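Tertiary structure, described
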Amino acid sequence: MQHLDITVKGKVQGVFYRAATKAVADQLGVRGTIKNLPDGNVFIEAEADKPTLELFLDWCHEGPQDANVIAVEPNEGDFKNHRNFEILKRGLFNQ
């Protein structure tokens, strides 16, 4: 299992990016979190095996129909053993 911290840049807020990404993560078996950032980007913590994370990253580059992804920046992080994939709402994080 591997952990990635992923920043997705572009038009990714207000286009159902988080909800669509959760649906894809649930289908693939990816665990982690997704949240909007104050700068208009989206931040994802994703955990799965390497082939699954590669498929997930492919999705992150596309996003839902109305999204316009400019960049996807994955970085390896410490494994946190997430139990599922959840959308974090504003106010539930300090980042």
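For the structure given in this document, a descriptive report is provided here.

Rules used in this analysis
- Residues numbered from 1 in each chain as written.
- Predicted model: local features only at pLDDT ≥ 70, side-chain atom pairs only at ≥ 80, totals over all residues.
- Heavy atoms only, no water.
- Helix = DSSP H or I, 4+ residues; strand = E, 2+ residues; numbered from the N terminus.
- Buried < 20%, exposed > 50% of the residue type's maximum accessible area, 1.4 Å probe, protein only.
- Expected span 1.5 Å × (residues − 1).
- Arc of directions from axis to C-beta.
- Contact = heavy atoms within 4.5 Å.
- Axes fitted to C-alpha atoms, helices over the stretch in contact; angles between N-to-C directions.
- Parallel < 35°, antiparallel > 145°, perpendicular 65-115°, else oblique.
- Left-handed = near helix turned anticlockwise from the far one by under 90°.
- Pairing = 2+ DSSP bridges.

Some words on unusual backbone geometry
- In this model, Phe-16 sits at a positive phi of 65°, which is unusual for a non-glycine residue.
- Residue placement: Phe-16 occurs in the loop between strand 1 (2-11) and helix 1 (17-28).
- Overall, Phe-16 belongs to the exposed group, its relative accessible area being 67%.
- With phi around 60°, Asn-81 is a residue other than glycine that occupies positive phi space.
- Looking at where Asn-81 falls in the secondary structure, it is placed in the loop between strand 4 (68-76) and strand 5 (85-87).

Quick word on helix 2 (residues 50-62)
- For helix 2, built from 13 residues, the straight-helix expectation of 18 Å at 1.5 Å per residue is met to within 8% by its first-to-last C-alpha distance of 19 Å.
- Along helix 2, the positions that sit buried rather than exposed are Thr-52, Leu-53, Phe-56, Leu-57, Trp-59 and Cys-60. Along helix 2, the residues classed as buried sweep out an arc of 155° about the axis, all on the same side. For helix 2, the exposed residues lying more than 90 degrees away from the buried face are Lys-50, Pro-51, Asp-58 and Glu-62.
- On its buried face, helix 2 sits against strand 1, helix 1, strand 3 (42-48), strand 4 and strand 5.
- Phi turns positive, to about 70°, at Gly-63, one or two residues after helix 2.

Some points on the packing of helix 1 against helix 2
- Contact geometry for helix 1 and helix 2: axes closest at 11 Å, N-to-C directions at 160°. One way to sum up the angle between helix 1 and helix 2 is to call them roughly antiparallel. Along this stretch, helix 1 crosses helix 2, giving a crossing that reads as right-handed. Of the residues in helix 2, those in contact with Tyr-17, Ala-20, Thr-21, Val-24, Ala-25 and Leu-28 of helix 1 are Thr-52, Leu-55, Phe-56, Trp-59 and Cys-60.

What to know about the sheet that holds strand 3
- Pairing is mixed across the open sheet formed by five strands, whose spatial order is 4-1-3-2-5. Here the strands that pair on one side only, and so sit at the sheet edges, are strand 4 and strand 5. This sheet shows a mean twist of 15° between the axes of neighbouring strands, independent of strand direction.
- Note that strand 1 and strand 4 share eight bridges and pair antiparallel. Across the sheet, residue Lys-11 finds its bridge partner in strand 4, namely Asn-68.
- Across the sheet, helix 1 touches strand 1, strand 2 (31-36), strand 3, strand 4 and strand 5, and the angle it forms with strand 5 is around 170°.

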